[in-house]
Amino acid sequence: MPKINTALALSIATLATGFLLGACDNANNTNTTTDNTPGNTTNSGQGLKIGSLLPATGDLAAIGQQMSGSVPLLVETVNACEGVNGQPVTLVEVDDQTDPRAGAAGMTKLATLDKVAGVVGSFASSVSTAAVSVAVPNQVMMISPGSTSPVFTEKAQAGDFKSFWARTAPPDTYQALALAQLANQKGFKRVSTVVINNDYGVGFEKAFVETFEKLGGTVVNKDQPVRYDPKAQTFDTEAAAAFAGKPDAVIAVLYAETGSLLLKTAYQQGLTDGVQIMLTDGVKAPTFPEQVGKGADGRYLLAGALGTVPGSDGKALADFNKLWQEKKGSSPGEYAPQAWDAAALLVLAAQAAQENTGVGIASKIREVANEPGTEVTDVCAGLKLLREGQDINYQGASGNVDVDANGDVVGVYDVWTVEADGKIQVIDKVNPTPQ
């Protein structure tokens, strides 16, 4: 399974720009399928080719590396049970570096040179925004296992994605609701927010503020939101602004690498005393408490912090965990079930379409994910039924992955905390209730 670093992909993207523009014109002006259209080849003599565009490096590497094993494992499983449309599946892996430019370059390579039909990725919402702008005109089906910005729902409703976008993690309108309800349950009345200044952070902030106010709470810095530059190196000003006025809690929507520096600054300035830190999925990685560090007393600075993260409660979860343990000798990390489900939907949809194309996959995603059809939790069992001409309703590891018209799913959320020893523990679940 080839793997490429996007430093090379950036060079390739420059060479491919002219070709990409031509592909955009073709995609917009004709419905004819030709062998030269990226993502839309009939592949009559070839097997299904898919890509992954996930962060092995950069600000989200700690989580990206946890999920990166899912797609190769899914491809290996499928190829052991006759593949898709009578041929083995090929995977091309690209590191998006948690960087929009690298993500766009990586998607350009996957679409125009590798000519994949579908891509699992990306994770960061800002990277997916850049990548999907390449995927759509090239008719490549893109399924993100973790881009949760509400912006994607809005763009899908506007018709921007032409059905070439879906995700297996629910949008942050739901996670913001879950976090707001958790803060309310804890009795917090006055909170402030600090977020990474990108689609993920700002979208989450907007949804959280709206929900928390409906619950009777006050966001003290609503009129002067604290949004930090993901390329910044110091965060003294942002930390001071976020904790100003001693709110009951600070809602911090961060990425691990930069977020750890911001929180460490807040602790070092003595701003966190008596203030509850509430976090989200962007930093839920085993290494994050260590990144924030320890105090002079040896205690983890982050001990006692609370957070939410999209959970996994699908009917296929137990079998997925067992397979991961057998193959890797460990337990899967955050978003690994969502990445598995994204890859599963790509292969099942290709088989349902009986063609290895992005157009075919896009046309069948909702059909294999939703009712009606025979419920299946095993991908190979689903492929077998599809070969026999039967309808299926895939039940995933992350959840039931019922994909709606906007490419969205609804999920459950885990509540997690940082223990005194720096370990992260899931302590509860919350099903967000719309207000």
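**Student:** Looking at this structure, how should I read the nonpolar core?
**Tutor:** The nonpolar side chains of soluble globular proteins are, as a tendency, buried together. With 72 residues, the main nonpolar core has L48, W340, V347, L348, I361, V379 and Y394 as its most contacted residues. Counting residues in each nonpolar core, the second largest holds 65 residues, with L54, F208, M278 and V430 among its members.

**Student:** How should I be thinking about the environment of L91 in this particular structure?
**Tutor:** Here L91 lies in strand β3 (residues 90-95). Taking the C-alpha atoms as reference, L91 lies 9.7 Å from E76; in sequence the two are 15 residues apart.

**Student:** Please clarify how the packing of aromatic side chains should be interpreted in this entry.
**Tutor:** Centre distance and the angle of the planes are the two values used to describe a pair of aromatic rings. Using the criterion set out here, one finds ten aromatic pairs in the structure. Ring geometry for F152 against F161: centres 6.3 Å apart, planes inclined by 35 degrees, an arrangement best described as tilted. For the pair shown, F152 and F161 are each scored as buried. Consider the rings of Y200 and Y255, whose centres lie 5.6 Å apart with planes at 20 degrees: the pair is stacked. With Y200 in helix α8 (residues 199-214) and Y255 in the loop between β10 (249-253) and α10 (256-268), the pair connects residues that are 55 residues apart, well separated along the chain. Residue Y255 is classed as buried on the basis of its relative accessible area of 4%. A cation sits over an aromatic face here: K328 above W324, 5.1 Å from the ring centre.

**Student:** What's the story with the pattern of salt bridges in this structure? I'm lost.
**Tutor:** Oppositely charged side chains are able to pair whenever their charged atoms sit close together. Under the criterion given, the structure shown has twelve salt bridges. The partner of K284 in a salt bridge is E334, and the shortest N-O contact between them spans 2.2 Å. Pair noted here: K284 is in the loop between β11 (276-279) and α11 (288-292) and E334 is in the loop between α12 (317-328) and α13 (336-353), with a separation of 50 residues, a long-range link.

**Student:** I tried to follow the pairing of strand β4 (residues 118-121) on my own but got confused; where do I start?
**Tutor:** Along any regular strand, the residues point their side chains to alternate faces of the sheet. Residues of β4 alternate between two faces, with G118 and V120 on one and V119 and G121 on the opposite face, all of them buried. Bridge count between strand β2 (residues 49-54) and β4: four bridges; the pairing is parallel. Across the sheet, residue G51 finds its bridge partner in β4, namely V119. Relative to strand β5 (residues 141-144), β4 runs parallel, the two sharing three bridges. Within the sheet, the bridge partner assigned to G118 lies in β5 and is M141.

**Student:** How should the side chain of T98 be read in this particular structure?
**Tutor:** Among the structural elements, T98 can be located in the loop between β3 and α4 (100-113). In this structure the side chain of T98 is engaged in a polar contact, spanning 3.4 Å, whose partner is the backbone nitrogen of D59. Beyond its immediate chain neighbours, meaning those up to four positions away, T98 contacts P55, T57, G58, D59, L60, A61, A124, V127 and Y255.

Calculation notes
Within each chain, residues carry numbers counting from 1 in the order of the written sequence. Reporting in this predicted model follows two pLDDT cut-offs: at least 70 for local features of residues, and 80 or more for side-chain atom pairs to be given and counted; totals over whole chains, interfaces and linings ignore these cut-offs and use all residues. Water and hydrogen atoms play no part in the side-chain values, which are based on all heavy atoms of the structure. Take the buried residues of types Ala, Val, Leu, Ile, Met, Phe, Trp, Tyr and Cys, join any two whose side-chain atoms come within 4.5 Å, and each joined set is a nonpolar core. Three exposure classes are used, based on accessible area relative to the maximum for each residue type with a 1.4 Å probe and protein chains only: buried under 20%, partly exposed in between, and exposed over 50%. Put simply, DSSP marks the helices as runs of H or I at least four residues long and the strands as runs of E at least two long, and each gets a number from the N terminus on. Pairing of aromatic rings covers Phe, Tyr and Trp, the last counted by its six-membered ring, and requires centre-to-centre distances within 6.5 Å; plane angles under 30 degrees mean stacked, over 60 mean edge-to-face, and any other angle means tilted. Lysine NZ or arginine CZ positioned within 6 Å of the ring centre and within 35 degrees of the ring normal marks a charge as sitting over the ring. Whenever Lys or Arg places a side-chain nitrogen within 4 Å of a carboxyl oxygen from Asp or Glu, that contact is recorded as a salt bridge. Each pair of strands is called paired provided DSSP finds at least two bridges between the two strands. Under the rule applied, a polar contact is a pair of N or O atoms within 3.5 Å (in protein, one hydrogen donor and one hydrogen acceptor; residues adjacent in sequence only if both atoms are side-chain atoms). The contact definition used throughout considers only heavy atoms, calling two residues in contact when any of these lie within 4.5 Å.

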